[in-house]
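# Observations on the three-dimensional arrangement
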Amino acid sequence: MSLPNWTMAGVLPPVRPGSHPAGPDRSPYMISLYELVNRFAISPERAVILKGLIEYRSDLYATGIVDGFQWVNGSFLEDVESNENRPPNDVDVVTYIVLPSGTSQAGLLPALAPLMDKNATKAKYKVDAHVFSLQQVTVPNVCYWYSLWSHRRDGLWKGFAQIPLDPSGDPVALAALDHLTATGFGP
């Protein structure tokens, strides 16, 4: 399913326009990484952030994590170029992982720790990263992130995206990003 267009306020709507206000067609909008790239690789700054997100995901896969999903948000999903006259600085990502079979959270932690260090991930990948095991996640945790990400700091309701962890699909998204970058972000 595709992302709706930005509202006049420059954010994704929390509910898809034209949908029933209490219906299921709402944020988080489930899309592929390929769709995220095609929608948001509209400038060199955004392309660098997307490249970092793809590298971050590749490093997650290298730890053995290949199942789960990511909630993607922040100014990256907003029209900050028009609203604030600046490009986004990073992309906010909460990754909900499924622990690989036969692996404990404690056993995976040494490999995963660098990908959970907020300062390091912002510097290396331009990803404001948070990671949670779905086997350990709590309802209050999900409610926290959903309620935090459903609004901007000024209180405006907004939507966000959900992309699956998909090692087989990421190379396609990277190829699309490389093509968009090479063609100057044009068609």
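Residues numbered from 1 in each chain as written. Predicted model: local features only at pLDDT ≥ 70, side-chain atom pairs only at ≥ 80, totals over all residues. Heavy atoms only, no water.

Time to look at the overall build of the chain. Each helix and strand counted, the chain has 7 helices and 5 strands in total. Listing each helix as α and each strand as β along the chain from the N terminus yields β-α-α-β-α-β-α-α-β-α-β-α. In terms of overall size, the chain behaves like a compact globule, its C-alpha atoms giving a radius of gyration of 16 Å where 187 residues would be expected to give roughly 16 Å. When its C-alpha atoms are laid out on the principal axes, the chain stretches across 50 × 40 × 30 Å. A burial count over the chain gives 44% of its 187 residues as buried. Contacts spanning at least 24 positions in sequence make up 72% of the contacts within the chain whose residues lie at least 6 apart. In the chain, 14 side chains carry a positive charge and 18 a negative one; their mean positions are 4 Å apart. (Helix = DSSP H or I, 4+ residues; strand = E, 2+ residues; numbered from the N terminus. Rg over C-alpha atoms; globule rule 2.2 N^0.38 Å. Buried < 20%, exposed > 50% of the residue type's maximum accessible area, 1.4 Å probe, protein only. Contact = heavy atoms within 4.5 Å. Lys, Arg positive; Asp, Glu negative; His and termini not counted. Charge placed at Lys NZ, Arg CZ, Asp CG, Glu CD.)

Going through the model one piece at a time under the given rule, you end up with 14 aromatic pairs. Ring plane angle 45° and centroid distance 5.6 Å describe the contact between Phe40 and Phe76, whose orientation is recorded as tilted. On the criterion of sequence distance, the pair formed by Phe40 in helix α1 (residues 33–40) and Phe76 in the loop between β2 (68–73) and α3 (80–83) is long-range, its members being 36 residues apart. For the pair formed by Phe40 and Phe76, the shared burial category is buried. The structure contains a cluster of three or more aromatic residues connected by ring pairs, namely Phe69, Trp71, Tyr96, Phe132, Tyr144, Trp145, Tyr146, Trp149 and Phe160. Lying over the aromatic face of Trp6, Arg39 brings its terminal NZ or CZ to 5.7 Å of the ring centre. One residue, Arg46, lies across the ring of Phe76, its end atom 5.0 Å from the ring centre. (Phe/Tyr/Trp six-rings, centres within 6.5 Å; stacked < 30°, edge-to-face > 60°. Lys NZ or Arg CZ within 6 Å of the ring centre and 35° of its normal.)

Moving on to the pairing of strand β3 (residues 91–97). As a general feature of sheets, a regular strand has side chains that alternate between the two faces. With 7 of 7 residues buried, β3 lies mostly within the body of the structure. Neither face of β3 is exposed, since Val91, Val93, Thr95 and Ile97 on one face and Asp92, Val94 and Tyr96 on the opposite face are all buried. Pairing of β2 with β3 involves 6 bridges; the strand directions are antiparallel. Of the residues in β3, the one forming a bridge with Phe69 is Tyr96. As paired elements, β3 and strand β4 (residues 127–133) share 7 bridges and run parallel to each other. By the bridge assignment for β4, Val93 is matched with Ala129. (Pairing = 2+ DSSP bridges.)

Bringing the sheet that holds β3 into the picture now. Overall, mixed pairing links the 5 strands, which are arranged β1-β5-β2-β3-β4 in an open sheet. What marks the edges here is a single partner per strand, and that holds for β1 (29–30) and β4. Packing of helix α6 (residues 139–149) onto the sheet brings it into contact with β2, β3 and β4, and relative to β3 it is tilted by some 160°. (Axes fitted to C-alpha atoms, helices over the stretch in contact; angles between N-to-C directions.)

On to the confidence of the model for the chain, then. Of the residues in the chain, 98% have a pLDDT of 70 or more, and the chain-wide mean is 93. Summarising per-element confidence for the chain, the mean pLDDT is lowest in helix α4 (residues 105–112) (87) and highest in strand β5 (residues 161–164) (98). (pLDDT = per-residue confidence, 0-100.)

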